[in-house]
Amino acid sequence: MKVLFNCHVPFAFAHGGGQIQIEQTKSALEKVGVQVEPLRWWDEQQKGDLLQHFGRIPTYLLQSAREKGLKVIQAELLTEAGSRSPLRLECEGVVRRVVRRILPQNMLMTLSWESYRLADACVALTPWEARLMHQLFGAPEARIHVVPNGVEQVFLESLPAQRGQWLVSTATVTERKRVVELAEAAVIAATPLWIIGKPYSETSSYAQKFLELTRKHPQVLRYEGPIADRAKLAQIYREARGFVLLSTMESLSLSALEAAACGCPLLLTDLPWARTSFSKDATYCPMTSPDATAKVLKTFTSARPIYQLHNGLCRG
C-alpha cells in the first residue's frame, strides 16, 4: 500500500507539534511496511492508494482524489473549536445550519464543511474532537477514529532523576501559547521557569516582549531556544519540577504527553482537551491575569505528584 501525505502548512513556516505529528505518523506507517510519500503537486505520474490530508481538505480536492481511485483520510486538528465554551459551540452549530440553507452550493464548497461528510475516514486526537466532528460538521460517527498522539520511546524509556527547581514549558513563542503571560506570572511568583522553543518570527512584537522579559529577569526566566535532541529533552522533563502549558487553545499537546511519560507533574490550562485527556492526573489553571496565575504557580510548585503514562495518556 502507498499512502500520499498532504499538508497546506509548510514546516518552514510553522514549526511545532503538527510537524512532529506528521513525521511520527510517517515513521510509524513505514515501520509496519506501508509506503509513504508526500503528495507531489507537480508529478502527474504519481500513484497511490490513499491520500491522508493533515488539516481540512478542500472538498474539490477530495472529490478529485476520489476520481483518481484514492480513498481519503482527513486529519484536522480542531484546536480552536475544541477550546470554545459549550454555549459558543451551540451557537456556531445553529449558524452553520442556517448557512447551509441559505448559501448556494458553490459558496458552501469554499468552506469545505462537506469534506467531513465525504471523507472515507476522519481522524481525531481526542474523544472531544471526535464529538465536535460529528456535531458541528456532520461527520458520520462510523467514520470517525480517535487516534491520540503517540510518544516516542526515548521518553517512555527515560530513567527517573532527581527533580530540581525549574518548571519547564515547551512551546512556540506565540500569542496562542501565552508564553509572555506565563513568564510574567513566574516573575511575580519568583518561580524559576525554563521556556524551550522559538517564535515563528523573532521580529514579532510578541517575541520581542518575551525576549525583553528574559533579559530583565535571568534569575527567574531561562531561555536558550529550542532543543532538537529528544533524549536531552526527556532528561529535562525528568529533572524538571513540573511542566506548564497555559495556551488559549490546544488539540492534544504532544509536549504534555512527553512530559507525562517522563513522570513530570502537569499544570495545564483548564480546557476540554486537557480535562478529557488527563482528567484528575493534572493540575488546571484558568486563563486569568498574571497575578492570579502566579498564585497557581506557587501552589503547584509546592506539590510533587508523580505520574506515569498508560495507554498513551497520563494516568495516576
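Check the entry above for the structure.
Here the structure is a predicted model, which is why all the values come from computation and not from measurement.

Caption draft 1: Quick peek at the overall build of the chain. The helix and strand inventory of the chain stands at 13 helices and 14 strands. For the chain, the C-alpha radius of gyration of 21 Å lies close to 20 Å, the compact-globule estimate for 316 residues. The dimensions of the chain, computed from C-alpha atoms along their principal axes, are 60 × 45 × 40 Å. Looking at the 316 residues of the chain, the share that counts as buried comes to 49%.

Caption draft 2: Up close: the side chain of Arg 178. Summarising the element assignment, Arg 178 is placed in the loop between strand S7 (167-170) and helix H8 (179-189). An unpaired buried charge is present at Arg 178: no salt bridge exists, and Glu 181, the closest side chain of opposite charge, is 5.0 Å distant. There is a polar contact of 2.9 Å between the side chain of Arg 178 and the backbone oxygen of Leu 246. Not counting residues within four places of it along the chain, the set of residues in contact with Arg 178 comprises Tyr 206, Leu 246, Ser 247, Thr 248, Met 287 and Thr 288.

Caption draft 3: Structural detail: the pattern of salt bridges. Evaluation of the coordinates by the stated rule reveals 20 salt bridges. Arg 230 is the partner of Glu 258 in a salt bridge, and the nearest nitrogen-oxygen pair spans 2.5 Å. Here Arg 230 lies in helix H10 (residues 230-239) and Glu 258 lies in helix H11 (residues 254-261), a separation of 28 residues in the sequence. A single burial state applies to Glu 258 and to Arg 230, both of which are buried.

Cut-offs used in this document
- Residues numbered from 1 in each chain as written.
- Predicted model: local features only at pLDDT ≥ 70, side-chain atom pairs only at ≥ 80, totals over all residues.
- Heavy atoms only, no water.
- Helix = DSSP H or I, 4+ residues; strand = E, 2+ residues; numbered from the N terminus.
- Rg over C-alpha atoms; globule rule 2.2 N^0.38 Å.
- Buried < 20%, exposed > 50% of the residue type's maximum accessible area, 1.4 Å probe, protein only.
- Lys, Arg positive; Asp, Glu negative; His and termini not counted.
- Salt bridge = Lys/Arg side-chain N within 4 Å of Asp/Glu carboxyl O.
- Polar contact = N/O pair within 3.5 Å; in protein donor to acceptor, adjacent residues only side chain to side chain.
- Contact = heavy atoms within 4.5 Å.

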